[in-house]
Amino acid sequence: MPDWLPDQGIRRATLALAGAAAVLITAGALLDAMWVLGIGVWAVIAAAAIELVYRP
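The rules behind these values
Residues numbered from 1 in each chain as written. Predicted model: local features only at pLDDT ≥ 70, side-chain atom pairs only at ≥ 80, totals over all residues. Heavy atoms only, no water. Helix = DSSP H or I, 4+ residues; strand = E, 2+ residues; numbered from the N terminus. Buried < 20%, exposed > 50% of the residue type's maximum accessible area, 1.4 Å probe, protein only. Contact = heavy atoms within 4.5 Å. Areas by Shrake-Rupley, 256 points an atom, 1.4 Å probe, with all protein chains shown as cover. Salt bridge = Lys/Arg side-chain N within 4 Å of Asp/Glu carboxyl O. Patch = residues over 30% accessible without salt bridge, like charges linked within 9 Å, V, L, I, M, F, W, Y side chains within 5 Å.

### Quick word on the overall build of the protein
Of the regular secondary structure elements, the protein holds two helices and zero strands. For the protein, with 56 residues in total, the buried portion stands at 16%. Residue pairs at least 24 apart in sequence account for 48% of intrachain contacts in the protein once pairs closer than 6 positions are excluded. Total accessible area on the protein stands at roughly 4,100 Å², and carbon and sulfur atoms take up 75% of it.

Set out below in structure tokens:
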């Protein structure tokens, strides 16, 4: 785990996006709401992009 504060912020943001994506994708699938599912997929894409771009 990185000790530098900006690294912790990036990690926290990535985990928050991934957690929100899991909730949104599950809710979208259960409610059969494609727009909620789509928002969840975009959250996964954003979390993956942050992890790919920002590597200390």
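### As for the pattern of salt bridges
Following the criterion strictly, the structure yields one salt bridge and no others. Among the ionic pairs, Glu-51 bridges to Arg-11, the shortest N-O distance being 3.8 Å. You can see Glu-51 sitting in helix 2 (residues 34–53) and its partner Arg-11 sitting in helix 1 (residues 5–31), a full 40 residues away along the chain. Classification of Arg-11 as partly exposed rests on a relative accessible area of 37%.

### Describing a nonpolar patch on the surface
Nonpolar side chains collect at one region of the surface, where Val-41, Trp-42 and Ile-45 lie side by side and expose about 320 Å² of accessible area between them. Here Trp-42 lies in helix 2.

### Concerning unusual backbone geometry
A negative phi angle is the norm for most residues apart from glycine, just as the trans form is the norm for most peptide bonds. Of note in this structure, Asp-32 is not a glycine but carries a positive phi near 55°. In this structure, Asp-32 sits in the loop between helix 1 and helix 2.

### Points about the environment of Ile-50
Inspection of the secondary structure assignment puts Ile-50 in helix 2. Sequence separation between Ile-50 and Leu-17 is 33 residues, and the spatial gap between their C-alpha atoms is 10.0 Å. Contacts of Ile-50, omitting those with residues within four sequence positions, involve Ile-10, Thr-14 and Leu-17.

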